[in-house]
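Overview (structure and organization)
Here is what each chain is made of, one letter per residue.
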Amino acid sequence: MNISYNWLKEYVSFDMTAGELSSALTSIGLETGKVEKIQTVKGGLERLVTGEVLTCTAHPDSDHLHVTTVNIGEGEPLQIVCGAPNVSQGQKVIVATIGTTLYNGDNEFKIKRSKIRGVESFGMICAEDEIGIGNDHSGIIVLPADTKVGMLAKDYYKIEDDYVLEVDITPNRVDATSHIGVARDLTAFLKQNGKEANLKFPAIEGFKIDDDSQAITVEKINHDGCIRYSGVTIKGVTVKESPDWIKKRLIAIGLRPINNIVDITNYILYEIGQPLHAFDADKIKGNKVIVDTMPEGTRFVTLDGVERTLTKQDLMICSEREPMCIGGVFGGLGSGVTENTTNIFLESACFNPSWIRKTARRFGLSTDASFRFERGLDPNQTIFVLKRAALLIQEIAGGKITGDIQDIYPNKIEPFNVDVTFSKINSLIGKEISAKKIKDILNFLDVEIVMETKESLSLKVPVYRYDVRRDVDVIEEILRIYGYNNVEIYDHVNSTLGYQTLTDKSYKLENIISEQLCGEGFNEVLNNSLTKSAYYEGLSSFPAVKCVTLMNPLSNDLNVMRQTLLFGGLQNVEFNIKHKNKNIHFFEFGNCYTLNKEKKDEATAVSAYREDYKLGLWISGNKIENNWMHVNEKTSIYELKAYVENILIRLGLNIEKLVYTDFSNDIFVSGMKIALPTGRNLGEYGIINRKILKMMDIDNEVYFAELSWNALMKDVFKLWIKYRDIPKIPEIKRDLALLINNEVKFADIKKTALESESKLLKNIVLFDVYEGKNLPEGKKSYAVSFYIQDEEKTLNDKQIDNIMQKIQKNLRDKLGASIR
């Protein structure tokens, strides 16, 4: 939020520079980023002075130019050629001297000595638009006759430089979303640092009812959606351009002035932090305001001209017959203030934060008003703000305050009661702070001390501090004003011996695998844990009934927690392919969530829910492309398998002992499950079903792997590093060309061979596959290498032949394999 340095000074006096103010605000939790110097008039009217036209004669070579001499208070009078029709002798004017830079939007030009149709000119007599103080270009500016000659134009127009501080307001600090809110904190800071400071509120003592006649009345409010609703009628206003002082304030913080009524509501918003809304009172049918919901499906056109369909959960500000405004969010097209408005009804309300938040998200609207209402405002300030705004409107737009103030406040919000102990304050802050200092800081923060004992304080926290409800919140406030930098770091450190937790080890391994994947050409992606339930409808692998559903989703696209990383990654794939990046290597670490209603236990609320941390891999497109040393090569399931096994090997798992099972389902047209010998599933990988790809609008083949990181860690944490000598006896290799049935897989051959000889058979490698002519129908040929080794002694041919014969026999008997 932008805060004006000069505007802030209206509410608290201080002598800090803008930079010092920025540091002070940051030190008390209002982090200030950029500090920008601004000028209410571009160029600051530098080198412009007031002057007096001493003579004015017609130009000898023009029918519309005049040659003037102008006294600017110093030196000889200047000869200036002027083309304005209203220039004449004796006028007091604004003069741009030689060297002055004038601005026209983003363009600028410098006044130089020149000849205009043969006559020298040593400056320029200016019009309003030429110096940026108005839009009139019909003639030069004519100042009052008593204007002092030689006065700087910036002093005459009281132009002052300002600084805008960009303050990052945290979501809990809605009380600081205004100049008075920031001034309140700054006052506490100044007092804490021994300086005199008092917060100055705008005066409202002049408020009075001018006309007792009938005005707009508030008939009813929805108590669930509206905490308090206040309003007043002002008749006989004149809607016009705002005065310069209010326009300058708004422009300084980045707002565009519209008209005096709207500008006042915006001014109050950034002065006090309370949103206001002005209705054209003549458009309120029946002269009644009703705050309630409308029937489901009601159509309503907002200020931006968009027709929106209301729900039964949208709070509306209505007349007796129709809705006029989406309460706390956005005004309606048919009830707003226009240049023809003469009577207004001014609203100052406090709405239920959750109602406003849901409505704003539902319609995709984020306004200055909804931003504040969503976070919780002080309902006890609505009347004060209403009176402040009404007095400003009377001052700037005229009019009479008509009828009584309308105010419905059924359940008054009282200050929050909080108890806090001195011992806890000092324990959390990490420093012994005197009881007097603590009480002073609480007093600076408007926190009332109701009761005090030697050990504790009973407090009443003001309602505007919506976020301070617990003792730890109060302690944070004390520390914030006391000063984080005033808590010393001692020259000695008390410590205990640390150790790595399982979480630490998991995180370390996650980083190792991330670096490995990046080294293999992958890019990491991060997706929202919220997704749409439509992805899971009709799936048996991830049934919709197992989705964790949100009670109040932001939208139908974010209404459930994800069961798998798959769909988020496919969205990334689809986005990249459409942006001409079709060669995909992505990975993601993230939590997935499932609901098992059968495990629901009333005693344990979360018993039916499961959270699993997973690692997902996606590859698509070409593995190698446009390489002069290599032909283009597409990604494949075998490439993905290699990446998966590299991960398992890097984690220290023995992939030879893992159990691989092929499968297919509604996600994978062909896949492989990976499990431990105990049966615990570690993950799966495969080729994504075309139906899923079509749903995601992807034409390319996509290969996907998903590993359960939690399951992997359970096994990895049990591993011990073992060291052994390199065997002195070399291994012996024997190759077999096996003729087998098409349905037999290499995993079956490997399993059977290991069952035949588990001790001496060290490794089995498939190095060739042949399927084609010269083979019997339904057959294929596998060329397999068998590595045999005894680490203690050298095997003779007879022993090796016995092992190979045993393997061949079991392959023949169990798998129907024959030697080619």
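Scroll up a little and you will see the structure.
Residues numbered from 1 in each chain as written. Predicted model: local features only at pLDDT ≥ 70, side-chain atom pairs only at ≥ 80, totals over all residues. Heavy atoms only, no water.

**Brief notes about the sheet that holds strand 6 (residues 92–97)**
Condition: By definition, two strands form a pair when at least two bridges between them are found by DSSP. A run of DSSP states H or I qualifies as a helix once it reaches four residues; a run of E qualifies as a strand once it reaches two. Both are numbered from the N-terminal end. Angles run from 0 to 180 degrees between N-to-C directions of axes, and those axes are lines fitted to C-alpha atoms, restricted for helices to the stretch in contact.
Here five strands make up an open sheet; going across it, the order is 5-4-3-6-11 and the pairing antiparallel. The open sheet terminates on both sides in strands that have one partner only, identified here as strand 5 (78–82) and strand 11 (123–125). Strand-to-strand twist in this sheet, taken as the mean axis angle between neighbours without regard to direction, amounts to 45°. Here strand 3 (residues 48–58) pairs with strand 4 (residues 66–71) via six bridges, running antiparallel. Bridge pairing in strand 4 links Glu 52 to Asn 71.

**Thoughts on the sheet that holds strand 31 (residues 584–595)**
Strand order across the open sheet formed by seven strands is 27-31-32-38-37-36-35, with mixed pairing between neighbours. What marks the edges here is a single partner per strand, and that holds for strand 27 (523–524) and strand 35 (659–663). Pairing between strand 36 (residues 668–675) and strand 37 (residues 681–688): seven bridges, direction antiparallel. If you follow Ile 674 over to strand 37, its bridge partner there is Gly 683.

**Side note on helix 18 (residues 709–716)**
Filter applied, for reference: Relative accessibility decides the category of a residue: with a 1.4 Å probe and only protein chains considered, values under 20% of the type maximum give buried, values over 50% give exposed, and everything between is partly exposed. Note on contacts: a residue pair qualifies if any of its non-hydrogen atoms lie within 4.5 Å across the two residues.
Among the eight residues that make up helix 18, six are buried, leaving the element largely enclosed by the rest of the structure. Every buried residue of helix 18 is accounted for by Trp 709, Ala 711, Leu 712, Met 713, Asp 715 and Val 716. The inward-facing, buried residues of helix 18 abut helix 14 (502–519), strand 31, strand 32 (609–620), helix 16 (637–650), strand 37 and strand 38 (702–708).

**Observations concerning unusual backbone geometry**
Even without being a glycine, Arg 47 presents a positive backbone phi close to 70°. Tracing the sequence through the fold places Arg 47 in the loop between strand 2 (32–39) and strand 3. Taking the relative accessible area as the measure of exposure, Arg 47 reaches 47% and is therefore partly exposed. One non-glycine residue, Asp 446, adopts positive backbone phi at about 65°. For Asp 446, the location among the structural elements is in the loop between helix 12 (435–444) and strand 25 (448–452). Looking at Asp 446, the relative accessible area reads 42%, which means it is partly exposed.

**Considerations on the pairing of strand 41 (residues 779–788)**
Most of strand 41 sits inside the fold, with nine of its 10 residues counted as buried. Bridge count between strand 40 (residues 761–770) and strand 41: eight bridges; the pairing is antiparallel. Considered in strand 41, the bridge of Leu 761 is made with Ile 788.

**Let's talk about the pairing of strand 22 (residues 343–351)**
Counting buried positions along strand 22 yields nine of nine residues, so the element is predominantly enclosed. Across the two faces of strand 22 the burial is the same, with Asn 343, Phe 345, Glu 347, Ala 349 and Phe 351 and Ile 344, Leu 346, Ser 348 and Cys 350 all buried. For strand 14 (residues 226–235) and strand 22, the ladder comprises nine bridges, and the chain directions are antiparallel. Looking at strand 22, one finds that Lys 235 is bridged to Asn 343.

**A word on the side chain of His 585**
Under the convention used in this document: Between N or O atoms, a polar contact is any pair within 3.5 Å; within protein, one atom must be a potential hydrogen donor and the other a potential acceptor, and residues adjacent in sequence are included only when both atoms are from side chains.
The residue His 585 is located in strand 31 in this model. Residue classification places His 585 among the buried residues on the basis of a relative accessible area of 10%. Reaching out from His 585, the side chain makes a polar contact with the side chain of Glu 639 at a distance of 2.8 Å. Residue contacts for His 585: discarding those within four places in its chain leaves Gly 521, Phe 522, Asn 523, Trp 618, Ile 619, Asn 622, Lys 623, Thr 635, Glu 639 and Tyr 643.

**A short note on the environment of Ile 356**
Secondary-structure assignment places Ile 356 in helix 8 (residues 353–363). Take Ile 356: its relative accessible area is 1%, and that puts it in the buried class. In the structure, Ile 356 is positioned 42 residues away from Asp 314 in sequence and 8.0 Å away in space, judged by C-alpha atoms. Beyond its immediate stretch of four places on either side in the chain, Ile 356 contacts Gly 327, Gly 328, Val 329, Phe 351, Ser 370, Phe 373 and Glu 374.

**Looking at the side chain of Thr 68**
Mapped onto the elements of the fold, Thr 68 is located in strand 4. Polar contacts involving the side chain of Thr 68 include one to the main-chain carbonyl oxygen of Ile 80, which spans 2.8 Å.

These results come straight from atomic positions and should not be treated as a statement about function.
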